[in-house]
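Residues per chain are reported as follows:
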Amino acid sequence: MIKLEDIEDYTFFTGVPDSLLKPFIDEILSSEHQHVVATNEGQSIGIAVGAELAGKKACVYLQNSGIGNVINALTSL
């Protein structure tokens, strides 16, 4: 499991919550990092791109089945 200390350069997190990601999301929530919950994986890509354009270092977290849902969002960039 990834821990925040492993990705310390990131300051902004977004994604679709999942029970398997609960320990990671709990770490984010207990930290000073910004966190935006998305309604779907494609939306989380858009949120992360916006955060990057605003000067943040963004991280998108996905559940295993979510990778297929970001294809359209990634190809439209």
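Residues numbered from 1 in each chain as written. Predicted model: local features only at pLDDT ≥ 70, side-chain atom pairs only at ≥ 80, totals over all residues. Heavy atoms only, no water.

1. Here we look at the overall build of the protein
Helix and strand counts for the protein stand at three helices and three strands. In sequence order, the protein lays out its α and β elements as β-α-β-α-β-α. Once the C-alpha set of the protein is aligned to its principal axes, its extents read approximately 30 × 30 × 20 Å. Within the span of the protein, comprising 77 residues, buried residues form 30% of the whole. By sequence separation, contacts in the protein at least 24 residues apart represent 53% of the contacts at least 6 residues apart. Taken as a whole, the protein presents about 4900 Å² of accessible surface, with 54% of it coming from carbon and sulfur. Put simply, the protein has 4 plus and 10 minus side-chain charges, and the middle of one group is 3 Å from the middle of the other. (Helix = DSSP H or I, 4+ residues; strand = E, 2+ residues; numbered from the N terminus. Buried < 20%, exposed > 50% of the residue type's maximum accessible area, 1.4 Å probe, protein only. Contact = heavy atoms within 4.5 Å. Areas by Shrake-Rupley, 256 points an atom, 1.4 Å probe, with all protein chains shown as cover. Lys, Arg positive; Asp, Glu negative; His and termini not counted. Charge placed at Lys NZ, Arg CZ, Asp CG, Glu CD.)

2. Comments concerning the nonpolar core
Core analysis: the biggest nonpolar cluster contains nine residues, these being Leu4, Ile7, Phe13, Leu21, Phe24, Ile25, Ile28, Cys59 and Tyr61. Breaking this core down by element, the ones donating at least two residues are helix H1 (22–29) and strand S3 (58–61). Here this core gets three residues from one element, more than from any other, and that element is H1. Setting aside residues up to four positions removed in sequence, Ile28 forms contacts with Leu4, Phe13, His33, His35 and Tyr61. (Core = buried A, V, L, I, M, F, W, Y, C linked by side-chain atoms within 4.5 Å.)

3. Examining the pairing of strand S2 (residues 34–37)
With four bridges joining them, strand S1 (residues 12–15) and S2 adopt parallel strand pairing. Among the inter-strand pairings, Thr14 is bridged to a residue of S2, identified as Val36. Considered for its hand, the β-α-β crossover made up of S1, H1 and S2 is right-handed. (Pairing = 2+ DSSP bridges. Right-handed = clockwise from strand over helix to strand, strands pointing away.)

4. Points about H1
Within the sequence span of H1, burial applies to Phe24, Ile25 and Ile28. For H1, the angular spread of the buried residues around the axis is 95°, confining them to a single face. On its buried side, H1 packs onto S1, S2 and S3. (Arc of directions from axis to C-beta.)

5. Side note on a negative patch on the surface
Taken together, the side chains of Glu5, Asp6, Glu8 and Asp9 present a region of like negative charge at the surface. Here Asp6 lies in the segment before S1. Given a relative accessible area of 54%, Asp6 falls into the exposed group. (Patch = residues over 30% accessible without salt bridge, like charges linked within 9 Å, V, L, I, M, F, W, Y side chains within 5 Å. Salt bridge = Lys/Arg side-chain N within 4 Å of Asp/Glu carboxyl O.)

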